[in-house]
Amino acid sequence: MQRPIEWEFSATLERLETSATGMLPEIKGIRMVVAAAHDRGSVKFAGGKASIHAKSLFRQPILLQQLAGELRWQKQANGEWLLASDNLIATSEDISTMTSFRYMLPPQGKGYLDIVTDFNKGRVEHASRYYPAFRMKPVVVEWLDRSLLGGYIPSGRFRIQGPLASFPFEDNDDGFFEAIFNVTNAEIDYKEGWPPLRNTDALVRFHGNRLTIEAAKGKIYDNRIGHVTMAMQLKPLTPLHIRGDLSGPLDGPVRLLTESPLKEKFAPLMEALEVRGDGGLSVDMLVPISRKLKHRGSFSGDLELRNAEVTAKRVAVALQDVNGVLHITDSGASAEQLRATLLGSPLTMAITPKPGGATQITAEIDLADASLQQVIADAPVSGRAVWNVNLEVPSLAEMRRGGLVVNSSSDLKGMEIDLPLTLGKTRQQSRKLELQWRHSNSGAPSFKLDYGDMKLNMQHRQGGWNGEISSGALAGRLTIPDARGELVRADLERLDLAFSLDSQAARSDSGGKRRSPHHLRPFHLT
């Protein structure tokens, strides 16, 4: 049997340069001390500026300020070669690393790598230099390049266990791959058109075929994030799945609905409303990171209102102390039971999306006389009654064409109306009242009122309300100036005078007690 050739070699190499071959990197400017033999060897690295470019992995050379440590290899009894290092230290302007690894290369078959790299003092804006881009899906690399912006990496770890030829182990049974690192004060711009996460502390994890980002601190707009998770499968690529919650001023959620891609759906509703106060928003959304994905994306969120104020701009109606949850999806906004107060009276409200982009709002309010008298200072009413309000907020195009219409109705049971003719009623009586308020884009509001046998059709213009009035006792035109000191003017075509307007007359209620006369605003009758 021929005896194997035995040999030994030692040398000190200054400013070594090599060309990339297969998995071996291009090396420039490295100083090394080599001690080798036919079955074993070592290389000690030392020195300053150098560069390493693994062209099968990275897009550009990695410029090193320091490279130090020892690399050893030895032939095993079973014929395998073991390549190992326990303390390989590398420092660049972007990051500092310490690596230990074992690489087993059998006489036949795939080599097996077990490597751990701990790193720190990293800069997020330069992280793209260290992505193994040529082993990753290009669309994922592009997303990482544009999404992770700014910040600091205090610590992290990179680990591979498995046959290097199968990296990055899209089938997790092939091997184990994980890159995990913390970022602080980072900006994550996950999708153009959506608000980025700013001043964010997060944990970024590549594990096998998945990417996960978990943020526990940061802001979207001026709202604090509680916990946000972003996750996606890398191959085949899936949309980015984002779940999380925000808290703080409602300005943030409103901006999300009016400035993000959601504006196509929610701009009409938010154009009609002004929302103030604090609350919280929980979201669950799918965001395609590439146009090549056929998935359109989806959004679902719960907006919690906490003693908020909501004003319907066009009808100047303000809800106070609004509490409840508004559920928001691609189909629109909905709520089963929002609670609020209107003019001091309690109100419950439901919101339902409708086809074509409209939103239906229904409300029930237990309206007290004091609340009504805030709107009509000398309203001759006492007691309280339940009112039902129905408002349809149309799509933005329809709103621009037709304005906004509010319908309300009540049987007025529980409320006394102190008016003459057939207009008065006791608290025990029921009498249907229907009111339609319309605010057109011309800026002139109008309303129609049906009460008992009386009908009003009024429009506001030039300092007052003008329109027609009709009932069983009278018919004609009516003018109600805005200024309380001015006379109401009635130009009547018909009038039944079978009643008394004597200011000294007294009336009796159902119990026979004397009551004060009708309270009427001064008017001019022709």
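Residues numbered from 1 in each chain as written. Predicted model: local features only at pLDDT ≥ 70, side-chain atom pairs only at ≥ 80, totals over all residues. Heavy atoms only, no water.

1. Some words on the overall build of the protein
Logical step 1: When helices and strands are counted, the protein shows five helices and 36 strands.
Logical step 2: Put simply, the protein has 526 residues, and 42% of those count as buried.
Logical step 3: In the protein, the share of contacts with a sequence separation of at least 24, taken over all contacts with a separation of at least 6, comes to 47%.
Logical step 4: Split by element, the accessible area of the protein, about 28,300 Å² in all, is 52% carbon and sulfur. (Helix = DSSP H or I, 4+ residues; strand = E, 2+ residues; numbered from the N terminus. Buried < 20%, exposed > 50% of the residue type's maximum accessible area, 1.4 Å probe, protein only. Contact = heavy atoms within 4.5 Å. Areas by Shrake-Rupley, 256 points an atom, 1.4 Å probe, with all protein chains shown as cover.)

2. Some words on the pattern of salt bridges
Logical step 1: With the rule as written, the count across this model stands at 22 salt bridges.
Logical step 2: Ionic pairing is found between Glu 93 and Arg 129, a salt bridge with its closest N-O pair at 3.2 Å. Here Glu 93, found in the loop between strand 7 (81-91) and strand 8 (96-105), pairs with Arg 129, found in the loop between strand 10 (122-123) and helix 1 (138-147); they are 36 residues apart in sequence, far enough to count as distant.
Logical step 3: Residue class for Glu 93 comes out partly exposed when judged on its relative accessible area of 47%. (Salt bridge = Lys/Arg side-chain N within 4 Å of Asp/Glu carboxyl O.)

3. Some points on empty space enclosed by the protein
Logical step 1: Scanning all chains against the criterion turns up one cavity of 30 Å³ or more.
Logical step 2: Residue lining of the largest cavity: 13 residues in total, with Tyr 190, Ile 220, Ile 242, Val 283 and Met 285 positioned closest to the centre.
Logical step 3: When residues of the lining of the largest cavity are traced back to their parent elements, those giving at least two are strand 18 (240-249) and strand 19 (273-287).
Logical step 4: Take the lining of the largest cavity: its biggest share by element is four residues, from strand 18.
Logical step 5: Classifying every residue of the lining of the largest cavity by side-chain character gives eleven nonpolar, one polar and one charged. (1 Å grid on protein atoms, 1.4 Å probe; cavity = no way out; pocket = protein on both sides within 12 Å on 5 of 7 lines; lining within 4 Å. Points joined across faces, edges and corners; volume = space filled by probe spheres on them. Nonpolar A, V, L, I, M, F, W, Y, C, P; charged D, E, K, R; others polar.)

4. Observations concerning helix 1
Logical step 1: Inspection of helix 1 places Val 139, Val 140, Val 141, Trp 143, Leu 144 and Ser 147 among the buried residues, and these make up the whole buried set.
Logical step 2: For helix 1, the elements touching its buried residues are strand 11 (148-149), strand 14 (176-188), strand 15 (197-207), strand 16 (210-220), strand 17 (223-233) and strand 18.

5. Digging into the environment of Lys 121
Logical step 1: Looking at the secondary structure, you find Lys 121 in the loop between strand 9 (112-120) and strand 10.
Logical step 2: For Lys 121, a relative accessible area of 53% corresponds to the exposed category.
Logical step 3: Along the sequence, Lys 121 and Ile 95 sit 26 residues apart, while their C-alpha atoms lie 5.2 Å from each other.
Logical step 4: When neighbours within four sequence positions are excluded, Lys 121 is seen to be in contact with Asp 94, Ile 95, Ser 96, Tyr 152, Ile 153 and Pro 154.

6. Topic: the packing of aromatic side chains
Logical step 1: In the structure shown here, the tally under the stated rule is six aromatic pairs.
Logical step 2: Members of the aromatic cluster, joined through ring pairs, are Trp 437, Phe 447 and Trp 465. (Phe/Tyr/Trp six-rings, centres within 6.5 Å; stacked < 30°, edge-to-face > 60°.)

7. Some points on unusual backbone geometry
Logical step 1: In this structure, Pro 236 follows Lys 235 across a cis peptide bond, with omega equal to -10°.
Logical step 2: By secondary structure assignment, the location of Pro 236 is in the loop between strand 17 and strand 18.
Logical step 3: A positive phi is found at Lys 121, a non-glycine position, where the angle reads about 55°.
Logical step 4: A positive phi angle is found at Leu 412, which is not glycine, with a value near 60°.

8. What about the side chain of Ser 371?
Logical step 1: One can find Ser 371 in helix 4 (residues 369-375).
Logical step 2: Among residues more than four places away in sequence, those in contact with Ser 371 are Leu 342, Leu 343, Gly 344 and Ser 345.

9. Some points on the confidence of the model for the protein
Logical step 1: On average, residues of the protein score 84 in pLDDT, and 89% of them reach the 70 mark or higher.
Logical step 2: When the criterion is pLDDT under 50, residues 499-519 qualifies, and its contacts beyond four places in sequence or with other chains add up to 32 contacts. (pLDDT = per-residue confidence, 0-100.)

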